[in-house]
Structure formats: structure tokens, C-alpha cells
Amino acid sequence: MFRIAICDDEAYFRRREKELIEKHMKKKRCACQIDLYSSGEEILNNEDSVLKYDMVFLDVSMEEMDGMKAAEKIRQISAGVYIVFVTAYITYVLEGYKVGAVRYLLKEEDSLENALKECLDTITAQMAYGKVMCTFSSANGKKSVPADSILYVESRLHKVVFYVMEDGVKEYSRYDKLDTVEQELGKHGFCRTHQSFLVNMSYAVGVERYRISLVNGMEIHISKKYYKNVEKEYIQHQGEI
């Protein structure tokens with residue numbers, strides 16, 4: 001299921017973009033959920049809501065908070081969401097690259113549909129390529145979640161607990177060692193902060209002695225042993241956003 005947000009203060013284009021996206025995704029047999037927002041303030045009203053989206057389509061020229069400012073705030077919350085600008089103006093293309101926008105589409109009726117198709121095909125292909133999944137056993141069978149939705153991992157007794165951004169934060173656990181999980185996820189943006197914690201740096205918003213702050217307001221302890229490396233990883237990751 002692809003989760004998509006469309007944010008535009010023009011009702012016609014909100015509906016039109018939704019119609020075109022649904023049409024193409026249905027043709028590709030890709031299930032999707034599309035939510036509509038009329039302003040930057042509305043989509044940013046709840047940080048957890050932003051985190052659930054795979055793609056956000058933003059109009060640049062909106063009243064009060066424009067699309068560029070909204071994109072900057074969205075990027076502070078989520079490093080992984082794909083941001084696409086859909087606008088009548090091409091003035092801000094270069095600024096779009098600063099927030100990691102993947103496309104800049106013009107509101108031209110004769111070209112918008114094809115532009116959206118190409119954009120969606122590119123994003124879905126990138127999402128499918130190299131997607132790292134973590135699997136858990138439960139009473140209902142096996143459950144798999146994408147690694148980039150994991151907020152952090154905690155070692156607890158003989159289990160490791162995965163805190164997953166899934167309409168809020170949900171917990172999944174399995175019998176394993178945190179050292180093993182670190183080997184599995186370390187190359188995918190996760191950083192050891194403590195003997196008991198492994199944090200997804202995509203969700204880090206600040207590092208101070210001796211704690212790391214996450215987008216949902218949580219703070220995870222950093223032991224002295226790991227502090228310098230965590231600080232280095234945080235600075236490096238912020239530079240990549």
C-alpha cells in the first residue's frame with residue numbers, strides 16, 4: 001500500500017491530481033491511499049501523519065505557508081518521504097533541490113497526466129529497489145515491515161524490540177541480539193547509541209550530551225562510549241538531507 005498526500009489550495013487540482021494518480025496506480029495494480037490537504041499548515045498539523053506518507057505532492061504557491069516552506073518542515077520530520085512539486089510556476093526549481101524534491105511538475109492540462117505517470121513510475125521503482133525488510137513472528141503468522149519505518153530498536157532481556165512508525169508507534173519483537181540487528185541495519189542509516197539502543201538516524205532531530213532527540217519527541221540515551229560516533233553520524237546524515 002502506497003500512502004500519498006496531495007497538498008494544494010486549489011480544489012480542482014487536488015481532485016484532478018488524485019484522479020490521475022489513482023488511475024495510473026490502478027493500471028499498475030498498486031494499491032494506494034490518497035489524502036487531500038488544502039494548506040501547508042493542515043498537512044503539518046500532526047507529525048505522525050506526515051511520517052506515514054511515501055509521497056507528498058505539493059503546490060508551491062499557497063496562502064500563508066507556501067509549498068517550499070512546508071517542504072522544508074516535512075523534510076525535518078521525514079528524510080525518506082518523496083517530495084514532488086506540482087505548480088503553475090517554474091521559478092523555484094533550484095530551491096526544490098534543497099529539500100530533495102524528486103520532480104517539479106507543471107500544472108499544464110495537456111502534459112500533467114504523462115508527467116505524473118513518469119514521476120510515479122520512477123518513485124515506485126526506487127522504493128522497490130533495495131527495500132530492506134524486517135520480519136517478526138506472531139500468533140497471526142509472520143509480519144514484515146520496511147526498515148525505514150523503524151524509529152529505533154531496543155534490547156530488552158532476551159529480545160530485541162522494534163519501534164515502528166505505523167499510525168503512531170507500534171512495537172514488534174523477536175528473539176535476537178542487538179549486535180546481530182546492528183550488523184543487519186547499520187549500513188542502512190541505523191546508529192548504535194547505547195548498549196541497549198539502535199536508532200534510525202532518519203528520525204533524529206537533535207543530539208546533545210548525552211541524548212538523541214527523535215521526531216516524535218522521544219529522547220534516547222547516548223552512552224559516553226558511543227557519543228562521538230553518534231554526533232558524527234548525525235552531522236553527516238543532516239548534510240545528506
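All of these numbers come straight from a predicted model, not from anything done at the bench.

Caption draft 1: Examining the overall build of the protein more closely. Per the secondary structure count, the protein includes eight helices and 15 strands. Its C-alpha atoms give the protein a radius of gyration of 19 Å, within 12% of the compact-globule value 18 Å for 241 residues. Counting the 241 residues in the protein, one finds 46% classified as buried. With the model as given, the accessible surface of the protein reaches about 13,000 Å², and the carbon-plus-sulfur share is 47%. Side chains of the protein carry 34 positive and 38 negative charges; the gap between the two charge centres is 8 Å.

Caption draft 2: Examining the environment of valine 205 more closely. Structurally, valine 205 is set in strand E13 (residues 204-208). Spatially, the C-alpha atom of valine 205 lies 6.0 Å from that of valine 215, the residues being ten residues apart in sequence. Residues in contact with valine 205, not counting those within four places in the same chain, are Gln76, Ser213, Leu214, Val215 and Tyr234.

Caption draft 3: View of the side chain of serine 39. As for its placement among the helices and strands, serine 39 is situated in the loop between strand E2 (32-37) and helix H2 (40-43). In this view, serine 39 contacts Cys7 and Met62; residues no more than four positions away in its chain are not counted.

Caption draft 4: Focus on helix H1 (residues 11-27). Here H1 contains 17 residues, and its C-alpha end-to-end distance of 25 Å stays within 8% of the 24 Å for a straight helix at 1.5 Å per residue. Considered for burial, the residues of H1 that qualify are Phe13, Arg14, Arg16, Glu17, Leu20, Ile21, His24 and Met25. Phi turns positive, to about 60°, at arginine 29, one or two residues after H1.

Caption draft 5: Just unusual backbone geometry, in detail. The peptide bond linking arginine 209 to tyrosine 210 adopts the cis configuration, its omega dihedral lying at -10°. Here tyrosine 210 shows up in the loop between E13 and strand E14 (211-214). Positive phi outside glycine occurs at arginine 29, with the angle close to 60°. The residue arginine 29 is located in the loop between H1 and E2 in this model.

About the thresholds
Residues numbered from 1 in each chain as written. Predicted model: local features only at pLDDT ≥ 70, side-chain atom pairs only at ≥ 80, totals over all residues. Heavy atoms only, no water. Helix = DSSP H or I, 4+ residues; strand = E, 2+ residues; numbered from the N terminus. Rg over C-alpha atoms; globule rule 2.2 N^0.38 Å. Buried < 20%, exposed > 50% of the residue type's maximum accessible area, 1.4 Å probe, protein only. Areas by Shrake-Rupley, 256 points an atom, 1.4 Å probe, with all protein chains shown as cover. Lys, Arg positive; Asp, Glu negative; His and termini not counted. Charge placed at Lys NZ, Arg CZ, Asp CG, Glu CD. Contact = heavy atoms within 4.5 Å. Expected span 1.5 Å × (residues − 1).

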